[in-house]
Structure formats: C-alpha cells, structure tokens
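# Understanding the architecture of this molecule
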Amino acid sequence: MSDPQTQASWANVRDEISRRLKKQQFDTWFRRVEPREISRDRVDLEVPNEFIREWLQKYYLDTIRGAAADVLRASPQVTLRIPDAASAPAASAPADGASVGAASAPAVAPEPVAPRAEPRTISDGRLCLNPSYTFDNFVVGPSNRLAHAAALAVAETPAQAYNPLFLHGQVGLGKTHLLQAVCHHMLARSPRMDILYLSCETFVNQFIAAVKTGSLESFRRRYRTVGVLLVDDIHFLAHKESTQEEFFHTFNALFDAQRQIILSSDSSPADIPTIEARLISRFKWGLVAPVVKPNLEMRLAILKQKAELRGAAVSDEVLMFLAKAIDTNIRELEGAVTKLLGAAHLTQRPVDMVLARELFADVLVEKRRQITIEDIQGVITARFHVKLSDLQSKRRSKSITLPRQVCMFLARALTDYSLEEIGGYFGGRDHTTVMYACDQIAARVQRDGDFAKMIEESTALLRDGARL
Ligand code: ADP
Ligand code: MG
C-alpha cells in the first residue's frame, strides 16, 4: 500500500473527483482505484482491471486531470495502470470493514465526503452537534413534512410518540439536520438529559475497538443505558454481521427500558443491503419517514433562507435561476449560495444574473447532457432489436434478459437513479434484481472483450446525446 502522504493526497483528489460526478458514476468507476504516487508532477493510479482502466482513460481522464490540477495546483501527468501479477495483494480491511486505532491505518482512502463548511461544534464529550442544525433553521415542505413532524413529536415527548423513529432518504436532504435538531430541542428543554448522538461508523469503530481491547462490558454499559440514542447513517451496518448483532441487543435493551431511539439511513429499512431481518422488523416498529428531493418552490424557499442567514439580499430572479439549475439536494443548494456570495465578495461584484450565469454555466451544460433511462432504453432496444415492452415484460428468455440487464447496468453507471427507480423502469423489478443484473454485466464485461466493446460504444453514443 502507498504511504500515508500519498493516501492523504489521493483522498483530496478523490474527494474533488466525487464532487464532479454523480454518486453512482463515482461509485461504479472510482471505488476500487488506489493511488501509487501523487505529486505535483505525477498522479499514478492503480485500477483493478483492464476494462476499468480503459473506461477511465476514455471517459474520465479529463475529470481526474481537472480534479488533480485543482487540488494539487499543478498539471500532473495522469497514469492509470493495472496491478502486475508480481505485486503484493492489496491490504485487506478487518473483518467488519472498519479499522481501529492509530496503529492500523485504513486500508483504503477515506470515503469522500460532500463539500460543506466546517461546522462549529458543541462538544460535551458525548455530543458533537452543529449549532445551526435546529428546527428553527429547517425549512419544511412537502418533501420532508412527515419526517419533520415526527422528529418534533419525538423531541417533545420522547419514547411516547414513535419508537423508534427511522428517517431515510438520499444524501444531503436533511436527515442529520433533523437528528441534531431533536438533540438541540431536547437539551433546550432538559439540559441534563442523557442523549447520545453518533454516527453509525463511530458505533462500529467503538464496537470493534471494544472487542479488541476486551472492554465490551463498558461499551455495553455506555450504549445500553442512555436516555436517548440517535444513530446517524445506520445503513453503515450493512455487511457487518457482528456489529449488527451487537446493535440488535443495544436496540432491545433501550427499547425495553422505553428509551427513545432515532435512526437515519440512506435507504428504507428493507433496502439496506444484507441487514438481518430481525433488525429490519425492529426498524419498522415505530415510524418510518422518508425525506425526498425538494420541489422547485421549496428549493426557492431554502435558497432564500440560506441567503438570509448569511445576511445577503439576493434578488428573486437570481434565486429562481439557482432553484431551477440545482435540483439535486439541499447541500448543493447551500453550496451554491456560498459560491455565489463568496465570488461576489472576492471580486467585489454585485450578486446579479451575470455573475450567477457565469458561475453556474457548467451546471447548466451538465443538465442538458444528463442521460435518462429512456435514452438508454432507446439505444439498447435498437442495438439488440427488441421492443421496449419486452424489456418491461416478465419474459425471461435470454434474448430479452440480456438487453434488460445491459440497460440496468448502464442506468446504474450513467444516471443518478436508485436501484429501486431503475427496477421501476423495467416492469417494476426490485432492487436485488437490478443489483444482480449489474453484477452479471460487470462480470461479462471483464471476460468478454467484444461485449465490453459493445458496452463502451453504447456509452459513447449515450454520452454524445445520440438516440437511435
Ligand atoms: P443528510 O444527513 O440527509 O445527508 P444533512 O442533514 O447533512 O443531509 O443536510 C445537508 C445540508 O442541507 C445541511 O447543511 C442542512 O443544514 C441543510 N438542510 C437540509 N435540509 C434542510 C431544510 N429542510 N432546511 C434548511 N436546510 C436544510
Ligand atoms: Mg447525514
């Protein structure tokens, strides 16, 4: 494995790359990329196989170059290579996928985090909260009304309204904000309340540490006796069997003692991959509330609020322009306000449409080029000579299954749709079917050169905005 300095530099470049791509594109193509050397002259990366190397070379080289140039403030030469057979196997992570303590450096670079201003934190040793994540600062609309109402109810009457409360939705839609708002609200009412808010990752890491150091008993004392437990990003338990088991018992102990439990996740309980059925069922005991993407009106309200919080007057025209341009999530909306006001301040220019157009030109271009599932269906039905209705039917003959799986694979790689949404475009198939399809196609791409070429050509066609 490369040295810590290389890992750290790569983490920054990777982070920047992730900002420039859709999450699923990033996950598909960059998850298994490892740095060999990162300097101002060279960015030398190792990728798992020839197919991914070619793909990155063809479609993402500019992205890598651009991100590296920005982060390193230089124009390094980018090289992609596949590991030579002689080289040592990559270090593997501990069984539960997390590493513990200073002695064991993580086997992979840290997961990229979305850009955000460094929050000031209030820390009393147990709680680490962002002071602006309050109910007062939370804009309520159709996309989060239920989640907000439930969070408020739980904050007012813990363990009575709903237990557990399970909030789920994609990244940047306000789950963490709501969880922390509950903490602020409870603490404002009873400052000595025994609240524990933490990320699931912290729970996992502390559990593994407790196992390693033989201090499970004190770990359990700590977690199983709190007054209120809030665990953010509980989907992090996926694929971690022993921690799931531990969390199951933590949950039961607290629930039996009528302590409030609040959880957040990026997918609904049943959609967290490989999570035990008994945990899923418990997650559903109380209230499961989704948060979804805000509509235009709500995006406008959020932009207004964010500008006001920064004490800036921004015209409705500019706000509407941003609300239309940015429809991904609330964190991006916030980022747009920061970018706009920051640029105006630095260049001493007014916050007007000219500046907004200039700053967000790339967002608009990208929007125009967004590939849709219909585009993919168009290209693939033409190439395989099948009908769209076949792809959506229940038919399972090989001549239909293959193009259907190809569509699912491309949809996963090239669009932002979730597994469930993709399944919906193909006769309401569930997410496991989509996941299976993606694995099948990825495997075939690796062993079948002609097939890989067909996938690449289809992708190129889609990228050029072509529709057969
Ligand atoms: P998640 O945990 O779902 O990924 P966060 O809670 O971190 O999302 O929200 C991302 C950013 O957007 C935060 O800075 C948060 O304050 C802001 N935000 C999210 N939802 C709202 C809302 N309804 N009103 C105001 N700000 C919001
Ligand atoms: Mg969060």
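Now for a description of the structure that goes with this document. What you are looking at is a predicted structure, and each value in this text was computed from that prediction instead of being measured.

## Things to note about the overall build of the chain
A count of helical and extended segments in the chain gives 20 helices and 10 strands. Residues classed as buried in the chain amount to 46% of the 468 residues present. By sequence separation, contacts in the chain at least 24 residues apart represent 73% of the contacts at least 6 residues apart. Counting only carbon and sulfur atoms, one obtains 52% of the accessible surface of the chain, whose full area is about 23200 Å².

## Points about the packing of aromatic side chains
Taken as a whole, this structure holds 16 aromatic pairs when the rule is applied. Here the aromatic rings of F203 and Y223 are separated by 5.0 Å at their centres, their planes lie at 75°, and the arrangement is edge-to-face. In this pair, F203 is assigned in helix α6 (residues 200–213) and Y223 in helix α7 (residues 216–223), connecting sequence segments 20 residues apart. Accessibility classification places F203 together with Y223 in one group, the buried group. Among the aromatic side chains, those forming a connected cluster through ring pairs are F166, F203, F207, F219, Y223, F247, F251, F255, F283 and W285. Seen from the ring of Y223, R222 lies directly overhead, with NZ or CZ sitting 5.3 Å from the centre.

## So, the pairing of strand β3 (residues 77–81)
Only one face of β3 is covered, namely the one carrying V78 and L80; the face carrying Q77, T79 and R81 has none of its residues buried. Pairing of strand β2 (residues 42–46) with β3 involves five bridges; the strand directions are parallel. Its bridge partner being in β3, E46 is matched across the sheet by R81. At this point the chain moves from β2, through helix α3 (residues 50–72), to the parallel β3, and the crossover so formed is right-handed.

## Details of the sheet that holds strand β6 (residues 165–168)
Strand order in the open sheet made by the five strands is β7-β8-β9-β6-β10, with parallel pairing throughout. Each edge of the sheet is formed by a strand with only one pairing partner; in this case those strands are β7 (195–199) and β10 (287–290). Direction aside, neighbouring strands of the sheet carry axes that sit 10° apart on average. The sheet contact formed by strand β8 (residues 228–232) and strand β9 (residues 260–265) spans four bridges and is parallel. Bridge pairing in β9 links V228 to Q260. Sitting on the sheet, helix α4 (residues 145–156) touches β6, β9 and β10, and the angle it makes with β10 is about 140°.

## Some thoughts on the site of ligand 1
Around ligand 1, the surrounding shell holds 18 residues, and the nearest of these are G172, H177, K306, R331 and E334. At 3.3 Å, a backbone N or O of L173 approaches an oxygen atom of ligand 1. G174 places a main-chain nitrogen or oxygen 3.0 Å from an oxygen atom of ligand 1. Contact with the protein chains hides 96% of the accessible area of ligand 1, taken as 550 Å² for the molecule alone. Here the shell around ligand 1 is built from residues that sort into six nonpolar, eight polar and four charged.

## Describing the sheet that holds β3
On the basis of which strands lie adjacent, the open sheet formed by three strands has the order β1-β2-β3 and mixed pairing. Edge positions in the sheet fall to β1 (34–38) and β3, since each has one partner strand and no second. Recorded for the sheet is a direction-independent mean angle of 20° between the axes of neighbouring strands. Across the face of the sheet, helix α1 (residues 4–20) comes into contact with β1 and β2 while running at roughly 110° to β1. With respect to the sheet, α3 is in contact with β1, β2 and β3, its orientation differing from that of β3 by roughly 140°.

## Some words on a negative patch on the surface
On the surface, D416, E420, E421 and D430 cluster together to form a negatively charged patch. Among the secondary structure elements, E420 is positioned in helix α18 (residues 419–424). Here E420 falls in the partly exposed class, since its relative accessible area comes to 33%.

## Observations regarding the packing of α3 against helix α20 (residues 449–463)
Between two packed helices, what matters for the description is the angle formed by their axes and the separation of those axes. In the contact formed by α3 and α20, the axes pass within 12 Å of each other and the chain directions differ by 20°. Judged by the angle between their axes, α3 and α20 are roughly parallel. Crossing of α3 over α20 shows right-handed handedness. Contact residues: α3 offers F51, E54, W55, K58, Y59 and Y60, while α20 offers A452, I455, E456, T459, A460 and R463. Along the lines of polarity and charge, the residues of the contact of α3 with α20 split into seven nonpolar, one polar and four charged.

## A few points about helix α19 (residues 431–447)
Look at α19: 25 Å from first C-alpha to last across 17 residues, which is about the 24 Å you get at 1.5 Å a residue. Within α19 the residues assigned to the buried category are H431, V434, A437, C438, I441 and V445. For α19, the angular spread of the buried residues around the axis is 115°, confining them to a single face. Opposite the packed face of α19, turned more than 90 degrees from it, sit the exposed residues D439 and R447. The elements touched by buried residues of α19 are α3, α17 (398–414), α18 and α20.

## What about the pattern of salt bridges?
Taken as a whole, this structure holds 22 salt bridges when the rule is applied. Ionic pairing is found between E37 and R42, a salt bridge with its closest N-O pair at 3.3 Å. Assessed through its relative accessible area of 31%, R42 is described here as partly exposed. Salt-bridge contacts for D62 lead to R65; the nearest nitrogen and oxygen are separated by 3.4 Å. Of the two residues, D62 and R65 are both situated in helix α3; the distance of three residues between them amounts to about one turn of the helix. By relative accessible area, D62 is classed as exposed at 60%. The partly exposed category is assigned to R65, whose relative accessible area is 39%. One continuous salt-bridge network, built from bridges that share partners, spans D15, E16, R19, R20 and D70.

Definitions and cut-offs
Residues numbered from 1 in each chain as written. Chains lettered and ligands numbered in written order. Predicted model: local features only at pLDDT ≥ 70, side-chain atom pairs only at ≥ 80, totals over all residues. Heavy atoms only, no water. Helix = DSSP H or I, 4+ residues; strand = E, 2+ residues; numbered from the N terminus. Buried < 20%, exposed > 50% of the residue type's maximum accessible area, 1.4 Å probe, protein only. Contact = heavy atoms within 4.5 Å. Areas by Shrake-Rupley, 256 points an atom, 1.4 Å probe, with all protein chains shown as cover. Phe/Tyr/Trp six-rings, centres within 6.5 Å; stacked < 30°, edge-to-face > 60°. Lys NZ or Arg CZ within 6 Å of the ring centre and 35° of its normal. Pairing = 2+ DSSP bridges. Right-handed = clockwise from strand over helix to strand, strands pointing away. Axes fitted to C-alpha atoms, helices over the stretch in contact; angles between N-to-C directions. Near = heavy atom within 4 Å. Polar contact = N/O pair within 3.5 Å; in protein donor to acceptor, adjacent residues only side chain to side chain. Nonpolar A, V, L, I, M, F, W, Y, C, P; charged D, E, K, R; others polar. Patch = residues over 30% accessible without salt bridge, like charges linked within 9 Å, V, L, I, M, F, W, Y side chains within 5 Å. Salt bridge = Lys/Arg side-chain N within 4 Å of Asp/Glu carboxyl O. Lys, Arg positive; Asp, Glu negative; His and termini not counted. Charge placed at Lys NZ, Arg CZ, Asp CG, Glu CD. Parallel < 35°, antiparallel > 145°, perpendicular 65-115°, else oblique. Left-handed = near helix turned anticlockwise from the far one by under 90°. Expected span 1.5 Å × (residues − 1). Arc of directions from axis to C-beta.

Just distances and angles here, no functional claims.
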